[in-house]
Amino acid sequence: MTEQRHRTVLITGASAGLGESIALACANRGWRLALGARRVDRVEDVARRAREAGAEVYAGPLDVGNEDSVERFFSESEAVLGVADVIVNNAGLSKPGLLHERDTAGIRLEVETNLLGVLFVTRRGVASLVENEKRGDVVFMGSDAATNPRPGQATYSATKGALEILSTSLSRELEGTGVRIVKLRLGPAMSEFAADWDLSPDAVETRTEFFRRFGLRDARHYGNVMPAEEVAEALIFAVTRPPGVVMDTIDLYPEAPMGNAIKGLR
Ligand SMILES: NC(=O)c1ccc[n+]([C@@H]2O[C@H](COP(=O)([O-])OP(=O)(O)OC[C@H]3O[C@@H](n4cnc5c(N)ncnc54)[C@H](OP(=O)(O)O)[C@@H]3O)[C@@H](O)[C@H]2O)c1
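This one's a predicted model, so the numbers in the text were calculated from it and none came from an experiment. Per-chain numbering applies: the sequence of each chain, read as written, is numbered from 1 onward. Note on the predicted model: pLDDT of at least 70 is required for a residue's local features to be given, and 80 or more for side-chain atom pairs to be given and counted; whole-chain, interface and lining totals, by contrast, use all residues. Side-chain numbers come from the whole structure's heavy atoms, not from hydrogens or water.

## Some remarks on the overall build of the chain
Part 1 of the argument: Strands here mean DSSP runs of E at least two residues long; helices mean DSSP runs of H or I at least four residues long; both are numbered from the N terminus. Scanning the chain from terminus to terminus reveals nine helices and seven strands.
Part 2 of the argument: For the chain, the spread of C-alpha atoms along the three principal axes comes to 55 × 40 × 40 Å.
Part 3 of the argument: Expressed as a percentage of its 266 residues, the buried residues of the chain come to 51%.
Part 4 of the argument: Partitioning the contacts of the chain with sequence separation of at least 6, the portion at a separation of at least 24 is 72%.
Part 5 of the argument: Carbon and sulfur atoms make up 53% of the accessible area of the chain, which totals about 12900 Å².
Part 6 of the argument: Across the chain, the mean location of the 32 positive side-chain charges is 3 Å away from that of the 38 negative side-chain charges. Residue burial is assigned from relative accessible area. The probe radius is 1.4 Å, only protein chains are included, and a residue is buried under 20% of its type maximum, exposed over 50%, and partly exposed in between. We call two residues contacting when some pair of their heavy atoms lies within 4.5 Å. To measure how exposed things are, a 1.4 Å probe is used in the Shrake-Rupley method; for residues, cover is taken only from the protein chains shown. For this count, His and the chain ends are skipped, Lys and Arg are scored as positive, and Asp and Glu as negative. For charged residues, the charge sits on one atom: NZ in Lys, CZ in Arg, CG in Asp, CD in Glu.

This is the structure:
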């Protein structure tokens, strides 16, 4: 119980979307927060609101794909708050498009953010926990793109698929250390994730039809999304399980709207 009241949560990509929501939900529980992202003004704004809710917060610049930036963020936040015992690998992005039409920079950015960044952040966070013999939770923000790999999101699906393997590998590697690995496998949730996608009705319809052909349910199509707060609640539930219990995976999807039943069968 004491441990749950005094968690120190490090969140990557805390400037928007799910990271912002997780930060505010943790702040409302009085947990300490280390918040990082590339857009410092946005992360400072989240920090201000978390402080207003009563949380002690360190906020700073973080680019998860850059190992120097990761090291700086961890050492500065540890100097203020101590070792984080919840590491939320939240930073991530996706740009839809066929692989053979994408440029190198776009592919590289997705892999560096969604996979390499998770490796850098997890390595640094786990090193502190193990060295200090502290219990802790490392959270991966996975996606249903890992279990239903998507056409038009091949790179994204591959990075999220890799997290599935990474989480299993790591949980075995860390047996007996008290460090637990938790993965959230999410369907669409409210955030800024698709803010720079082509959202014209034609583009959405084409993408929806594309997804449907490959067996994704209607409830997972663009347009049906979960509140970000529900993702935060699920995460908090997982990391507050008592010692001796591991919540390995949480699958969380939007429910289909009422009245969609017949349409969904067509
Ligand atoms: N929303 C969904 O439907 C959904 C579904 C499945 C999985 N997910 C996963 O949930 C996570 C959060 O996504 P979201 O939906 O909240 O998207 P979002 O609203 O676009 O937020 C993404 C966050 O990642 C940060 N970020 C991107 N690149 C970064 C980098 N190199 N270093 C540090 N931070 C970086 C962004 O901040 P800056 O730009 O300021 O750096 C932003 O705060 C992602 O891993 C995503 O794959 C989301």
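## Quick look at the sheet that holds strand β3 (residues 57-61)
Backbone-to-backbone hydrogen bonds join strands into a sheet, with any given pair of strands oriented parallel or antiparallel.
Part 1 of the argument: Two strands make a pair as long as DSSP finds a minimum of two bridges between them. Across the sheet, seven strands lie side by side as β3-β2-β1-β4-β5-β6-β7; this open sheet has parallel pairing. At either margin of the open sheet sits one strand with a lone partner, and together these are β3 and β7 (249-252). Put simply, the sheet's adjacent strands are angled 15 degrees from each other on average, direction ignored.
Part 2 of the argument: The pairing of strand β4 (residues 86-89) with strand β5 (residues 136-143) spans four bridges and is parallel. Its bridge partner lying in β5, V88 is registered against V139.
Part 3 of the argument: The strands that helix α3 (residues 40-52) touches are β2 (32-37) and β3; relative to β3, the one it contacts most, it runs at about 175 degrees. For every element, the axis is a line fit to its C-alpha atoms; helices are fit only across the contacting stretch, and the angle between N-to-C directions ranges from 0 to 180 degrees.

## Topic: the pattern of salt bridges
Part 1 of the argument: Salt bridges are identified by distance alone: a Lys or Arg side-chain nitrogen within 4 Å of an Asp or Glu carboxyl oxygen. Evaluated as defined, the whole model comprises 16 salt bridges.
Part 2 of the argument: Close ionic contact of R48 with D45 constitutes a salt bridge, the shortest N to O distance being 2.7 Å. Taken as a pair, R48 and D45 lie in helix α3 at a separation of three residues, close to a single helical turn.
Part 3 of the argument: In this structure D45 comes out as partly exposed when scored by relative accessible area, which is 30%.

## A look at the site of the ligand
Part 1 of the argument: Nearness here has a simple test: a residue counts as near a molecule or strand if at least one of its heavy atoms is within 4 Å of that partner. Of all residues adjacent to the ligand, which total 28 residues, the nearest are L18, R38, Y156, A189 and S191.
Part 2 of the argument: Contact distances for the ligand include 2.8 Å between an oxygen atom and a backbone N or O atom of L18.
Part 3 of the argument: Here V64 contributes a backbone N or O atom positioned 3.0 Å from a nitrogen atom of the ligand.
Part 4 of the argument: Taken by itself the ligand offers 890 Å² of open surface, and the protein chains cover 94% of this.
Part 5 of the argument: Throughout this entry, Asp, Glu, Lys and Arg are counted as charged residues, while Ala, Val, Leu, Ile, Met, Phe, Trp, Tyr, Cys and Pro are counted as nonpolar. The remaining residues, Gly among them, count as polar. Split into classes, the residues belonging to the shell around the ligand amount to 13 nonpolar, ten polar and five charged. Here a polar contact is recorded for every N or O atom pair within 3.5 Å, except that within protein the pair must consist of a potential hydrogen donor and a potential acceptor, and residues adjacent in sequence are included only if both atoms are side-chain atoms.

## Notes on unusual backbone geometry
Part 1 of the argument: Of note, the phi angle at E133 is positive, near 50 degrees, even though the residue is not glycine.
Part 2 of the argument: Tracing the sequence through the fold places E133 in the loop between α5 (104-131) and β5.
Part 3 of the argument: Since its relative accessible area comes to 74%, E133 is described here as exposed.

Honestly, that's just the spatial picture; any functional story needs more than this.
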